[in-house]
Amino acid sequence: MEWLRTQLLFMRDHGMKAILIGHSPPARTDAKTPRDETCWQEYTLWMQQYRDVLSGRVEIITGSGGGFGKGIAETFLNQGAKVIIADFVEDLGQKTASELKCEFIKADVTKKADWEKI
């Protein structure tokens, strides 16, 4: 994981921002393995050490009314990003946006007109 630390330091030196994706910290349960604990500790430490690099972004998450998209929105919020929930199911999107204290845009990403709204 040294390569990631190197990239984050480079980004800091050049005034760049990033959001970590592709890894969900393991659940805090009794079933975790030592690797999970190490991974969780590393994730938590990096979120503190590189807060200046891992925040300040605005992310529009499509399909984030629920499921995987909602999880992505939660991860970005935890990393300090401003999140906009975009979903074509208005009641679900509004509910999630309210729950996460985000903005909501009703959008069907298969429609050009909806992309222009975003």
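Right above here is the structure, for reference.
How each quantity is defined
- Residues numbered from 1 in each chain as written.
- Predicted model: local features only at pLDDT ≥ 70, side-chain atom pairs only at ≥ 80, totals over all residues.
- Heavy atoms only, no water.
- Helix = DSSP H or I, 4+ residues; strand = E, 2+ residues; numbered from the N terminus.
- Buried < 20%, exposed > 50% of the residue type's maximum accessible area, 1.4 Å probe, protein only.
- Contact = heavy atoms within 4.5 Å.
- Arc of directions from axis to C-beta.
- Core = buried A, V, L, I, M, F, W, Y, C linked by side-chain atoms within 4.5 Å.
- Pairing = 2+ DSSP bridges.
- Right-handed = clockwise from strand over helix to strand, strands pointing away.

Some details on the overall build of the chain
A count of helices and strands for the chain gives five helices and three strands. Across the chain, helices and strands are ordered from the amino to the carboxyl terminus as α-α-β-α-β-α-β-α. Out of the 118 residues in the chain, the part that is buried amounts to 36%. Pairs at least 24 apart in sequence give 51% of the contacts found in the chain among residues at least 6 apart.

Digging into the environment of Ile60
Within the secondary structure, Ile60 sits in strand 1 (residues 58–62). On the accessibility criterion, Ile60 (37% relative accessible area) is partly exposed. Spatially, the C-alpha atoms of Ile60 and Phe104 are 9.4 Å apart, while their sequence positions differ by 44 residues.

Comments concerning helix 4 (residues 90–100)
Helical geometry: 3.6 residues make up each α-helical turn, so side chains three or four residues apart lie on a common side. Within helix 4 the residues assigned to the buried category are Gly93, Thr96, Ala97 and Leu100. Around the axis of helix 4, the buried residues are gathered within 100 degrees of arc, so they sit on the same side. Along helix 4, the residues that are exposed and aim more than 90 degrees away from the buried face are Asp91, Lys95 and Ser98. Buried residues in helix 4 make contact with helix 3 (67–78), strand 2 (82–87) and strand 3 (103–106).

Digging into the nonpolar core
Judged by nonpolar contacts, Ile61, Ala73, Phe76, Ala81, Val83, Ile85, Ala97, Leu100, Cys102 and Phe104 together constitute the single largest core of ten residues. If near-sequence neighbours (up to four positions away) are discounted, Phe104 is found in contact with Ile85, Asp87, Val89, Glu90, Gly93, Gln94 and Ala97. Residues Leu8, Met11, Trp46 and Tyr50 belong to the second largest nonpolar core, which totals seven residues.

Digging into the pairing of strand 1
Here strand 1 shows a buried face lined by Glu59 and Ile61 and an unburied face lined by Val58, Ile60 and Thr62. Judged from the five bridges that link them, strand 1 and strand 2 form a sheet pairing that is parallel. Within strand 2, the position partnered with Ile61 by the bridge is Ile85. Traced from strand 1 through helix 3 to strand 2, the parallel crossover comes out right-handed.

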